[in-house]
Each structure stands twice: as C-alpha cells, then as structure tokens.
Amino acid sequence: MIDIKHLTFTYADGTRALNDVSIRFPQEHIFAIMGSSGSGKTTLLNCMARFLEVDRGTIFFRGIDISDIAEMEFRERLGVVFQQLNLFPHMNVLENLMLAPMRVQNRSVKEARQAAMEMLDRLGIADLADHYPAQMSGGQAQRAAIARGLMLRPEAMLLDEPTSALDAETTHDFALWLKELQSDTSFIIVTHDLPFARQTAHQGVFMRDGQVINAGRISEILEQLS
Ligand SMILES: Nc1ncnc2c1ncn2[C@@H]1O[C@H](COP(=O)(O)OP(=O)(O)O)[C@@H](O)[C@H]1O
Ligand SMILES: [Mg+2]
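This section reports on the structure supplied with the text. (Residues numbered from 1 in each chain as written. Chains lettered and ligands numbered in written order. Predicted model: local features only at pLDDT ≥ 70, side-chain atom pairs only at ≥ 80, totals over all residues. Heavy atoms only, no water.)

## Digging into the overall build of the chain
Per the secondary structure count, the chain includes 8 helices and 10 strands. The C-alpha radius of gyration computed for the chain amounts to 17 Å, which stays within 12% of the reference 17 Å derived for 226 residues, consistent with globular compactness. The dimensions of the chain, computed from C-alpha atoms along their principal axes, are 50 × 40 × 35 Å. A burial count over the chain gives 49% of its 226 residues as buried. Counting contacts in the chain only where the partners sit at least 6 residues apart, residues at least 24 apart contribute 66% of the total. (Helix = DSSP H or I, 4+ residues; strand = E, 2+ residues; numbered from the N terminus. Rg over C-alpha atoms; globule rule 2.2 N^0.38 Å. Buried < 20%, exposed > 50% of the residue type's maximum accessible area, 1.4 Å probe, protein only. Contact = heavy atoms within 4.5 Å.)

## A short note on the site of ligand 1
The immediate surroundings of ligand 1 are formed by Tyr11, Asp13, Thr15, Ala17, Ser36, Ser37, Gly38, Ser39, Gly40, Lys41, Thr42 and Thr43. Side-chain polar atom of Thr42 to an oxygen atom of ligand 1: 2.8 Å apart, as the coordinates give it. Look at ligand 1: alone it shows 570 Å² of surface, and the protein chains cover 61% of it. Within the shell around ligand 1, the residues separate by chemical class into 2 nonpolar, 8 polar and 2 charged. (Near = heavy atom within 4 Å. Polar contact = N/O pair within 3.5 Å; in protein donor to acceptor, adjacent residues only side chain to side chain. Areas by Shrake-Rupley, 256 points an atom, 1.4 Å probe, with all protein chains shown as cover. Nonpolar A, V, L, I, M, F, W, Y, C, P; charged D, E, K, R; others polar.)

## Describing the nonpolar core
Residues Ile146, Leu178 and Phe187 are the most contacted members of the largest nonpolar core, which totals 44 residues. When residues in this core are grouped by element, the largest group, 6 residues, is from helix α5 (residues 138-150). Ignoring anything within four residues of it in the chain, the contact list for Leu178 reads Ile30, Ile146, Leu159, Phe187, Ile189 and Phe196. The next biggest cluster of nonpolar side chains, apart from the first, holds 30 residues, and it includes Ala17, Ala156, Leu158 and Met207. (Core = buried A, V, L, I, M, F, W, Y, C linked by side-chain atoms within 4.5 Å.)

## Focus: helix α6 (residues 168-181)
Under the 1.5 Å per step criterion, the end-to-end length of α6 is 20 Å for 14 residues, consistent within 8% with the ideal 20 Å. Those residues of α6 that are buried lie in contact with β3 (30-35), α5, β7 (156-160), β8 (186-191) and α7 (194-200). (Expected span 1.5 Å × (residues − 1).)

## A few points about the packing of helix α3 (residues 93-103) against α5
For the pair α3 and α5, the least separation of the axes is 8 Å and the interaxial angle reads 25°. Considering the angle they form, α3 stands roughly parallel to α5. Our pair here, α3 against α5, has a crossing hand that is right-handed. Together, Val93, Asn96, Leu97 and Leu99 of α3 and Ala144, Ala147 and Arg148 of α5 make up the contact between the two elements. Of the residues assigned to the contact of α3 with α5, the class counts are 5 nonpolar, 1 polar and 1 charged. (Axes fitted to C-alpha atoms, helices over the stretch in contact; angles between N-to-C directions. Parallel < 35°, antiparallel > 145°, perpendicular 65-115°, else oblique. Left-handed = near helix turned anticlockwise from the far one by under 90°.)

Everything listed here is a matter of coordinates, which is why it stays silent on function.
What follows is the structure in structure tokens.
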C-alpha cells in the first residue's frame, strides 16, 4: 500500500538520518519499523507524513507519489499519532474526537458528537468520553489519541513509539486492543520495543544508522538479531 523507494534525508546540521531507505508496506497489516534510538525511525515517519521534505527518493501511497496528493486528501487518508499524542488538553475526549469531523468534513456538532460516540463505543472506550487528557493514564490517553486519529477513517495510521509511556501490563493490553482494530485500518508502528513489535506485527523492518538492515517476518528478524 505504501512503497518507499531510495529515500535519503539529511537534517540542516548535516546529519544524514536516512540513507537510501526502501520499504514496501503490505496492505491490511500491522507493520513494525524497529531499531534502537537514533536509527532514523521518527525521521522516516515524519517523511512519510510529509512533515519533512526528503533529499532524494519517492514515497508512493497506493501507487501515487505522496507529493502529488492534495493536503486535505492526504491528511484524511493517512493518520498520524505522535509520541506526544497531541490531544488538546482543554477538551475532553469526546470534544477531541469531534474536532476533525467538524473542521475537516464540515459536519454539524450533532453529527460530530454522534460519530465520536460511535467511535468510542466501537473501540470499547466509551467510558473515557468526558475525561480530560490530564485525568487519564498513559494507556487510556494512547487509546483516546488513536480514536481521535481514526475519526476521518484513514486507510493507514502511523504511530510513533506508542508504548513509550506504558508499563509492561498496559503494553500487553494495548497490543491486544490494536490487533482487534487492524481489520479496518493498517497500522505502521515505529517502536524500539521488540516484544511489543513481536506481539502486534506480522512483518517489519529493522533499522540501524539510517538504513534498513533487515526486512520480513518479525520473528525471523528478531531471530537474526539474537
Ligand atoms: N532536528 C534534528 N536535527 C538534527 N539531527 C536530528 C534531528 N532529529 C533527529 N536527528 C538525528 O537524526 C538521527 C535519527 O533520529 P530519529 O529519526 O529521531 O531516530 P529514532 O526515532 O530512531 O530514535 C539521529 O542521529 C538524531 O540525532
Ligand atoms: Mg524516535
């Protein structure tokens, strides 16, 4: 579904964070981008989300160069949840979910509220509707941020280090929850948490120093590392 070809990215200070990266993401899967800190995972995610402009290479989304897709359409089709989650602190979860339908799709308050409630129900977190971000645990906030990202029904969603604020037990529950959602949306998970990657994803890549050093089934990638 997403096809990355020969991507190179250099920061303004000369740091080459991505060096000739090529990855083919299959459809309808949870895919993991693994690697230790500094290997280029977040940079890659930011290039895929068009927040950084690449030096060289092309990213195709269903065969189309992403730089040719209109901004609004692109944001609707590809969701992103950053490590900092980007929930608005002054709005409760329901209000956070209502924003995109109202602002992007011009839906009425009533319609947006209904769509937001349906999403929370579907994801099994209706009890969080009136919680404010500061009132939630890391695991609850992570689910709420993903629910918000799913409001525009993206075809794919990028998640950067979704377990970084979660303890082992919450990570386990979160992994199971994510697996239940994958029939509707493809998830591309950036993570240094290898047990989490193994639990959620079928396939992935392992990065080191801005390059993909291994690609394929997670179990095989992890076997070759040990
Ligand atoms: N804004 C920046 N300016 C310069 N170098 C950066 C910047 N952000 C990240 N880097 C460098 O780029 C490399 C890849 O970083 P990053 O993509 O954040 O890796 P990861 O997400 O795998 O930890 C690292 O060497 C990092 O220090
Ligand atoms: Mg990172």
